[in-house]
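# An overview of the molecular structure
Residues per chain are reported as follows:
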Amino acid sequence: MSTAIAEEKSSLELIGLSEEAVKVRDALVKHGLETPMIENGLSTEEKYQRIKSAFEDVVYTLGLDMNDDSLAETPHRIAKMYVREIFSGLDYAKFPKITVIDNKMNVDEMVKVNNISFTSTCEHHFVTIDGFAKVAYLPKKKIIGLSKINRIVRFFGQRPQVQERLTQQILVTLQTLLETDNVAVSIEATHYCVKARGVMDASSSTQTTALGGLFKRSDKTRGEFLSN
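Residues numbered from 1 in each chain as written. Predicted model: local features only at pLDDT ≥ 70, side-chain atom pairs only at ≥ 80, totals over all residues. Heavy atoms only, no water.

Of regular secondary structure, the protein chain possesses nine helices and seven strands. By its C-alpha atoms, the protein chain is 65 × 55 × 25 Å across when sized along the principal axes. For the protein chain, the accessible area works out to roughly 13300 Å², and carbon and sulfur atoms hold 51% of it. Side-chain charges in the protein chain split into 29 positive and 30 negative, and the spacing between the mean points of these groups amounts to 6 Å. (Helix = DSSP H or I, 4+ residues; strand = E, 2+ residues; numbered from the N terminus. Areas by Shrake-Rupley, 256 points an atom, 1.4 Å probe, with all protein chains shown as cover. Lys, Arg positive; Asp, Glu negative; His and termini not counted. Charge placed at Lys NZ, Arg CZ, Asp CG, Glu CD.)

Following this line, the structure appears as structure tokens:
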């Protein structure tokens, strides 16, 4: 291993990120698709404590009694949920371990995963987005473990999101890891900021699609992906 490669690997280990996570993050930044984030220097515990304190103010401001046993632990639950669960995708140290292997079998037909369930959070109102993703790619030199596609969808879902960005983030991530433009992503989701507030439309859903390579250029390939 060369000195430069060793130093780069060492620096990645030092900041707790895998090489794949760094490649994906850099690709999203390059395409203008990274979730708007700042480095505030707060540890996980510090984030938890700040959110817990802030939500105590919210509960008090709403006029709820935190001395009641049903509400006493609510700020703790919210802080834990935000930092360790539904927004854990903001931390690239938690990027899934990805298995990408050489395409020794010379697979050249479409690989498609349907009905990948995910739950995300609308970044405008911090309420639930609930939906399904469909992901496909045309293998070249690399193929990916199938469960890793589901994990990538889930990772980017565990952020404050807009559906359009989420769709593109999954596309660019797989293009980066598989070293091919021939990737397609489609998402259909229910937004609770539409269903449970505002217009309160309980029956509508939103569909977004991101296409790369042959999925964009070829009517036949695009049609095969979108057909079912």
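This is not the end of the story, as more comes after the structure.
This next bit is on the packing of helix H2 (residues 19-30) against helix H6 (residues 163-178). Any two packed helices are characterised by how steeply their axes cross, that is the angle between the axes, and by the distance between the axes. Close contact between H2 and H6 brings their axes to 9 Å; oriented N to C, the two are set at 125 degrees. Judged by the inter-axis angle, H2 sits oblique to H6. The hand of the H2/H6 crossing is right-handed. On H6, the residues that touch Glu 20, Lys 23, Val 24, Ala 27 and Leu 28 of H2 are Gln 169, Val 172, Thr 173, Thr 176 and Leu 177. Taken together, the residues of the contact of H2 with H6 break down into five nonpolar, three polar and two charged. (Axes fitted to C-alpha atoms, helices over the stretch in contact; angles between N-to-C directions. Parallel < 35°, antiparallel > 145°, perpendicular 65-115°, else oblique. Left-handed = near helix turned anticlockwise from the far one by under 90°. Contact = heavy atoms within 4.5 Å. Nonpolar A, V, L, I, M, F, W, Y, C, P; charged D, E, K, R; others polar.)

Partitioning the protein chain into domains gives domain 1 (44-88) and domain 2 (98-226). Relative placement of domain 1 and domain 2: their C-alpha centres are 32 Å apart. Taken residue by residue, the interface counts five residues in domain 1 and six residues in domain 2. Together domain 1 and domain 2 conceal approximately 440 Å² of surface at their shared face, both sides included; 58% is due to carbon and sulfur atoms. Its largest share of buried area at the contact with domain 2, domain 1 owes to Ile 86, Phe 87 and Ser 88, together 82% of the area lost on that side. Where domain 1 packs against domain 2, one counts zero salt bridges. The interface formed by domain 1 and domain 2 includes one residue pair in polar contact (both at pLDDT 80 or more). Taken together, the residues of the side of domain 1 that touches domain 2 break down into three nonpolar, one polar and one charged. (Domains from an automatic or database assignment. Buried area = accessible area lost by both parts, 1.4 Å probe. Salt bridge = Lys/Arg side-chain N within 4 Å of Asp/Glu carboxyl O. Polar contact = N/O pair within 3.5 Å; in protein donor to acceptor, adjacent residues only side chain to side chain.)

Attention shifts here to the side chain of Arg 165. Locating Arg 165 in the fold gives a position in helix H6. Since its relative accessible area comes to 14%, Arg 165 is described here as buried. In this structure Arg 165 touches Leu 33, Glu 34, Thr 35, Pro 36, Glu 123 and Pro 160, once residues within four positions along its chain are discounted. (Buried < 20%, exposed > 50% of the residue type's maximum accessible area, 1.4 Å probe, protein only.)

Our focus in this paragraph is a nonpolar patch on the surface. Taken together, Val 58, Leu 62 and Leu 64 make up a surface patch of nonpolar side chains, about 270 Å² in accessible area. Here Val 58 lies in helix H3 (residues 44-61). (Patch = residues over 30% accessible without salt bridge, like charges linked within 9 Å, V, L, I, M, F, W, Y side chains within 5 Å.)

To continue, consider the layout of surface pockets. Size it by volume and the largest pocket reaches roughly 1100 Å³. Met 37, Ile 38, Lys 47, Leu 90 and Asp 91 are the residues nearest the centre of the largest pocket, which is lined by 30 residues in total. When residues of the lining of the largest pocket are traced back to their parent elements, those giving at least two are H2, H3 and helix H4 (74-86). The residue makeup of the lining of the largest pocket, split by class, is 16 nonpolar, five polar and nine charged. Residues lining the lining of the largest pocket come from more than one domain, with at least three contributed by each of domain 1 (44-88) and domain 2 (98-226). (1 Å grid on protein atoms, 1.4 Å probe; cavity = no way out; pocket = protein on both sides within 12 Å on 5 of 7 lines; lining within 4 Å. Points joined across faces, edges and corners; volume = space filled by probe spheres on them.)

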